[in-house]
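Observations on the three-dimensional arrangement
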Amino acid sequence: MNSEGEVEAEYFSKDFEWEELRSEIESNPSLRHHFQSFSSSSSSSSLQSPQSDVQAWKQFHTRHSTGKFFKERRYLLKEFPELLSSSPSNSNPKLLEVGCGNGSTILPILRANKDIVVYACDCSDETLEKAKEIITANAVDSFKHRFYTFCCDVSTNGFPNWLACNTCRDQFLQKQSCCLSDFKEDNGLHLRESCSSDEFDRCVGGVDFITLIFTLSAVPLERMPKSIKECFTVLKPGGMVLFRDYGLYDMTMLRFESDKRVGFREYMRSDGTRSYFFCLNTVRNLFLGAGFIELELDYCCVKSVNRKKGKSMRRVWVHGKFQKPALQ
Ligand SMILES: C[S@@+](CC[C@H](N)C(=O)[O-])C[C@H]1O[C@@H](n2cnc3c(N)ncnc32)[C@H](O)[C@@H]1O
């Protein structure tokens, strides 16, 4: 939402080598505070509660309700061409966009794939309303029955029951303790009762794709494993998470002053919203830890030039594709 996706670069872009950037940064004494270990006593803001980080995002959306931050992420269709496909066996693929903001990721997907059905969630009601407004304003009629929104905090309460895939949920419950919070409460024995009849009418039966685009970095590190587990649970077997987020030593990370650090590679802006900067191993451990298979994972390294200031900026993003194992 800030300046993260302005450059239309694909993940295999390698304007520079990430390892070279790393050694340059780590040998620069003036940047030492970014890679030193972190002790929680160095910042009081690391004690922020779950309510307050979600609250900070809500306030962010209230302040930016003009939709000024909206910029279609068309490049995602090049990075994730599977979003364009529909097969005879699955003529209406289902996509869940987590942390959809104003809908920058959703709109180009709805436009490009006339068969896809999109479920979009965010922790802010206000931004969901804005997303609906923007999507409606751009709507060709066909969007109407292919776009649904719901409000949720993925990092604490998780997704609503009606998104989950029945077959896979049953298997999941047999193998391990379930992480959908409302299933946990009744130990998986009375799942039907835990949904209202209205929710069951809407039951989606699992999604084929999840897009996590600059959303995981907004969640505090300790709540990321829960968020990824939630994604695993609502994906159909064989379904995929399509991931893009801030990479370690991205220019925006190096701009943070040391008093903005709230954890190792974790920062808080003055408005209370957070940003984490991922190395490949952190992303890998989060997804493999939740049971995913890694299909693609790499840094996308792009040099962009600010013509006004004549400055060259090195942007680093992480591109990833992870699959839930198909049922044997
Ligand atoms: C940087 S924006 C990315 C928006 C969008 N994915 C895009 O491509 O433009 C991060 C979004 O995640 C949402 N968010 C932050 N924490 C969340 C949480 N715990 N649960 C759900 N959404 C969250 C924010 O409200 C914000 O809209």
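Before any of the text, the structure's been laid out above.
This write-up is about the structure you can find in this document. If you're wondering where the values come from, they're calculated on a predicted model, not measured in any experiment.

What counts, and at which threshold
Residues numbered from 1 in each chain as written. Predicted model: local features only at pLDDT ≥ 70, side-chain atom pairs only at ≥ 80, totals over all residues. Heavy atoms only, no water. 1 Å grid on protein atoms, 1.4 Å probe; cavity = no way out; pocket = protein on both sides within 12 Å on 5 of 7 lines; lining within 4 Å. Points joined across faces, edges and corners; volume = space filled by probe spheres on them. Helix = DSSP H or I, 4+ residues; strand = E, 2+ residues; numbered from the N terminus. Pairing = 2+ DSSP bridges. Axes fitted to C-alpha atoms, helices over the stretch in contact; angles between N-to-C directions. Contact = heavy atoms within 4.5 Å. Buried < 20%, exposed > 50% of the residue type's maximum accessible area, 1.4 Å probe, protein only.

Digging into empty space enclosed by the protein
Inspection of the entire model under this criterion finds three cavities of 30 Å³ or more. By volume, the largest cavity is sized at about 460 Å³. Surrounding the largest cavity, 35 residues form its lining, G99, D122, F214, T215 and A218 being those nearest its centre. Counting only elements with at least two residues in the lining of the largest cavity, the list comes to α2 (50–63), β1 (94–98), β2 (117–122) and β8 (274–276). Looking at the lining of the largest cavity, the element that brings in the most residues is α2, giving four residues.

Let's talk about the sheet that holds strand β3 (residues 147–151)
Taken in spatial order, the seven strands line up as β3-β2-β1-β4-β5-β10-β9 in an open sheet, and their pairing is mixed. Across the chains shown, the open sheet's two edge strands, defined by having one partner strand only, are β3 and β9 (293–306). With strand direction ignored, the average angle separating the axes of adjacent strands in the sheet is 15°. Judged from the seven bridges that link them, strand β5 (residues 235–246) and strand β10 (residues 311–323) form a sheet pairing that is antiparallel. Bridging from a neighbouring strand, M240 pairs with Q323 of β10. Along the sheet face, helix α5 (residues 125–137) touches β2 and β3 and points at about 170° away from the line of β3.

Some remarks on the environment of M224
Inspection of the secondary structure puts M224 in helix α10 (residues 224–234). Among the residues examined, M224 registers a relative accessible area of 0% and is labelled buried. Along the sequence, M224 and F287 sit 63 residues apart, while their C-alpha atoms lie 9.9 Å from each other.

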